[in-house]
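Summary of the model geometry
Chain by chain, the residues run as shown.
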Amino acid sequence: MNPDNLAIAGTYAKENFEPNSTLLDISALETQLSNPGNHIQHFKQAIETANNILNDRYKANLSITEIVTARAWVIDQILALVWKAQAWPDDQDISLVAVGGYGRGELLPHSDIDLLILTRKDNASRYKSCISSFLTLLWDIGLEIGQSVRSIKQCKTEAINDITVATALMESRTLIGPSELQTEMVALTTGKRVWPIKKFLRAKWDEQNARHQKYHDIDYALEPNIKTSPGGLRDIQTIAWVAKRHFGASSFHDLVELGFLKESEETMLNKGQQFLWKLRYGLHLLEGRREDRLLFDKQRELAKLFGYEDDEKSLGVEKLMKQYYRAVANLRALNDVLLQHFDEAILREGERVKIEAINKRFQIRNGYIEVVYPDVFKRYPSALLEIFVLMAQNPKIEAIRASTIRLLRDNRRLIDEDYRHDIRNVTLFMELLRSPHKMTLQIRRMARYGILGRYLPEFGQITGQMQHDLFHIYTVDAHTLQVVENMRKFRLPDAAQKFPVAAHLFKNLPKVELLYIAGLYHDIAKGRGGDHSTLGMVDAENFCSRHRLSSWDSKLVCWLVDKHLFMSMTAQRKDISDPEVIHEFATAMGDKLHLDYLYSMTVADIRATNPELWNSWRASLMKQLYLNTKRALRLGLENPRDREERIADKKQTALSKLADRGIEEQRIQQIWANANDEYFLRESAANIVWHTTAIATFSGSGPLVSTNDLMQNTVEGATQIFIYTTNSRFLFANTTAAFEKLNLNIQGARIFTSDNDHCMDTYTVLETSGQPVGNNPQRLAEIKKIVTQYIASGGAAITPALIRRSRKDKYFSQGIEINWLNAPNRDYSTVEINCPDQPGILACVGKVFAENSINLKDARITTLGERVEDLFFVTDQAGKPIRDELLIENIKSAINSELKKRLDF
């Protein structure tokens, strides 16, 4: 019999192992025990001799399967001799049974030796003295015993109450005594009424999921547990337990016969288990005790023990761990396949088949996506990516059918250099990154099934790449995927509480897929030598070029990869209260958009390095650096990077979409002539398309008022109101007063006034309930009517009604702060107003501006929680900055007075 054929659940027996008198001379030991003397010492010496021989075989790299089986055989013989040494009553009602891992005939140097002393009846007291003497001798000779004493009936009761007991009893074999007791016990504890197979599989699956969650469902922890980490020995055992319970399988070869496994997969399982056994055996040997954690110091010692040596490319320990990570990745993937098979064969047995067609290549069978025919991937190689896009776009798809997972793995070699440059495939991958549903889950699946490493070979190079430092707890690839997942979490409802700044910024990033790409590539060059940020920029640029990203998008991604450590290092290593530090950092950012992207990336990166690193202290440092830098940019340091390319990129994107809507380019250019560059720089391409379409199709007279719902673009949703009209003295004041009249809370605003005095203003608003207006035709019509009336009223600004604030709002509110800045080389003055949020605030400010003949050229309105942070860019009637100190003080005083009345201070 092939000793490397994996046995399942208690099939160990003497036919699996040829007794060897060199390992344990049973006759000689029996002779020693028959004579007077120190029997304890005889047993110890016999065990020590066997241990030394097996350890030598291990160091000589002999079959690990034979070694663990031989160790179990040695202990079998020792236990039988100790049992025989007791004065048992002369009956056939008690036996000694091996259970658990020992029941499988597997024993490592310091594994528990789990025993069941099994009685026919509930009369264990009859054997009390013999049992006590038996166990005492076992402890005296140094065996690590775990034992229980139960009758057959008691075994059934315990098995019903505890699936762990039921599983251990299933993996049992008789060591000495009447074997019919164990046979009867197994029959009673594996019957249909004791953990029916559907309940058993569900419990084991849930047990595995809970175990994986303890490791954040990540295979590649830097210090993994060989037994319990995802892809570890316990995952193999989970499959074995279900296979034995339902199919009576005694080996994984039986699953091949049943059609659940391919022979190549059986080989992979066997080799994977043998490698993990070798690691675990080595850990026990090095520690001199049971140890399943592959800690850093032991990794180095095992690498030497296994003969891995350092060279110019990598350390010996890195080679060892790379082999480990590849093994667990394969085992995890096979575990997925088999559990899916079991789900279909057991949990869904008898379920009515419901098939929903998706396209010519894929269909959904009872919630699981599958290929329509086996050759789909060979005929349509792009389907290797398409399947993940479909899952990310359709929340009804739960997972991939086992047969299709196997086809994915079998056909992944179709992904070559030509495939990677095919426009169909690069389009599919970008579509995946923009998908709304569980995008990171699909990326993780691609990695697990070997698709991601083939499509992005540079990612394949970091698979299993270690990080030897005090901070990282995952390999480079696992850390990278966690970074992307953390970015994705910023869009979830609870992110506003956990990561308020990042959650707010994420919702307003114009292209979140650029953040994901930077996340994928920020550490891509680790392990190559040199500066990984600089080397990573090259890979990122190649990716962007291959995926047809615009020049501006590519530069942003590469900049993020290059600067991904800059913000955390500045926050933690420099004095961020020093204006010079902030000036230097703000200059490096260039503009708020780059700052927003980098902050989001840095938070995701820190948390993926080690969740414990993100604490209140680091959060406060990062927030302080962000806010100080944002203020410095707002007050004059902002100098957008690649300004012209950014504008050209947005115009080109908008032109393409507007052409699809049938709007002629000549008409588009006429409309855009009324907007200055600042409009194209700060507005999103989507809004430019919306605004241009609204203007092009507007046939009325007077101001244009258009609404747009943002529910699809942000998590919480909001409503935007676009106003296009010629400038007038009280436009801003009366527009904001109209919103107050409508009980709409302004969350943000972008105010643009062109050189030819056209205003293109966009307000982001919410109802008082905190919800967007939504698809409510009557309410939308009311908004357009009231806003149009207020804008057309002309004359003096409409004074907003006073609203009395609650006692709580007064108690917790902060004061009013007004700053006036005239920066060098700026043709406008900047007014910064920070105060508690309250309806009518903007109308009050607009009223003061109008009464003092101040032109509002631009504004940036931001509501952060209960506080507003607003910037107004203003000039005098001649279009010049306002520098008169007396006038400035009068205006600030007037604003302060109006706000105090408004805020009921």
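Predicted model only: the values in this text are computed from it and were never measured. (Residues numbered from 1 in each chain as written. Predicted model: local features only at pLDDT ≥ 70, side-chain atom pairs only at ≥ 80, totals over all residues. Heavy atoms only, no water.)

This structure, assessed with the given rule, holds 28 aromatic pairs. Centroid distance F429 to Y455: 5.0 Å. Interplanar angle 40°. Geometry classified as tilted. Here Y455 lies in helix α21 (residues 451–455) and F429 lies in helix α19 (residues 423–433), a separation of 26 residues in the sequence. Judged by relative accessible area, F429 falls into the buried class, the value being 1%. We classify Y455 as buried; its relative accessible area is 0%. Seen in terms of ring centroids, F490 and F499 are 5.7 Å apart; in terms of plane orientation they differ by 70°. Their pairing is edge-to-face. Put simply, the rings of W83, W88, Y127 and F134 touch in pairs and so form one group of aromatic residues. R173 extends its terminal NZ or CZ atom over the ring of Y102, reaching a point 5.0 Å from the ring centre. Over the ring of Y455 we find R546, and its NZ or CZ is 5.2 Å from the ring centre. (Phe/Tyr/Trp six-rings, centres within 6.5 Å; stacked < 30°, edge-to-face > 60°. Helix = DSSP H or I, 4+ residues; strand = E, 2+ residues; numbered from the N terminus. Buried < 20%, exposed > 50% of the residue type's maximum accessible area, 1.4 Å probe, protein only. Lys NZ or Arg CZ within 6 Å of the ring centre and 35° of its normal.)

Segments scoring low in pLDDT should not have their predicted coordinates read at a detailed level. Residues of the chain with pLDDT of at least 70 account for 93%, and the chain-wide mean is 87. Per-residue pLDDT stays below 50 along residues 1–16; that stretch engages in 45 contacts with residues further than four places along the chain or on separate chains. A low-confidence stretch, residues 802–813 stays under pLDDT 50, and its non-local contacts, those more than four residues away or across chains, total 18 contacts. (pLDDT = per-residue confidence, 0-100. Contact = heavy atoms within 4.5 Å.)

Moving on, we get to the sheet that holds strand β2 (residues 113–119). Judged by pairing direction, the sheet is mixed, and its four strands sit side by side in the order β3-β2-β1-β4 without closing on themselves. Edge positions in the sheet fall to β3 (145–151) and β4 (173–176), since each has one partner strand and no second. Adjacent strand axes in the sheet meet at a mean angle of 35° when their direction is disregarded. Bridging between β2 and β3 involves seven bridges; their strand directions are parallel. Along β3, the bridge assignment pairs T119 with S151. (Pairing = 2+ DSSP bridges. Axes fitted to C-alpha atoms, helices over the stretch in contact; angles between N-to-C directions.)

I668, I671 and W672 are the residues of helix α34 (residues 665–672) that are buried. End-on, the buried residues of α34 take up no more than an arc of 95°, which puts them together on one face. On its buried face, α34 sits against α33 (643–660), α35 (677–682) and α36 (685–696). (Arc of directions from axis to C-beta.)

Time to look at the environment of K630. Within the fold, K630 resides in helix α32 (residues 616–637). The spatial distance from the C-alpha of K630 to the C-alpha of M589 is 9.7 Å, given a sequence separation of 41 residues.

Looking at where E678 falls in the secondary structure, it is placed in helix α35. Sequence-distant contacts of E678, that is, excluding residues within four places in its chain, are made with R643, F752, D858 and R860.

This part takes up the environment of K592. Note on placement: K592 falls in helix α31 (residues 592–609). Judged by its relative accessible area of 28%, K592 falls in the partly exposed class. In the structure, K592 is positioned 39 residues away from R631 in sequence and 9.5 Å away in space, judged by C-alpha atoms. Those residues within four positions of K592 in sequence are excluded, and the remaining contacts are L505, Y626, K630, L633 and E638. A distance of 2.7 Å separates polar atoms of two side chains, one belonging to K592 and the other to D596. (Polar contact = N/O pair within 3.5 Å; in protein donor to acceptor, adjacent residues only side chain to side chain.)

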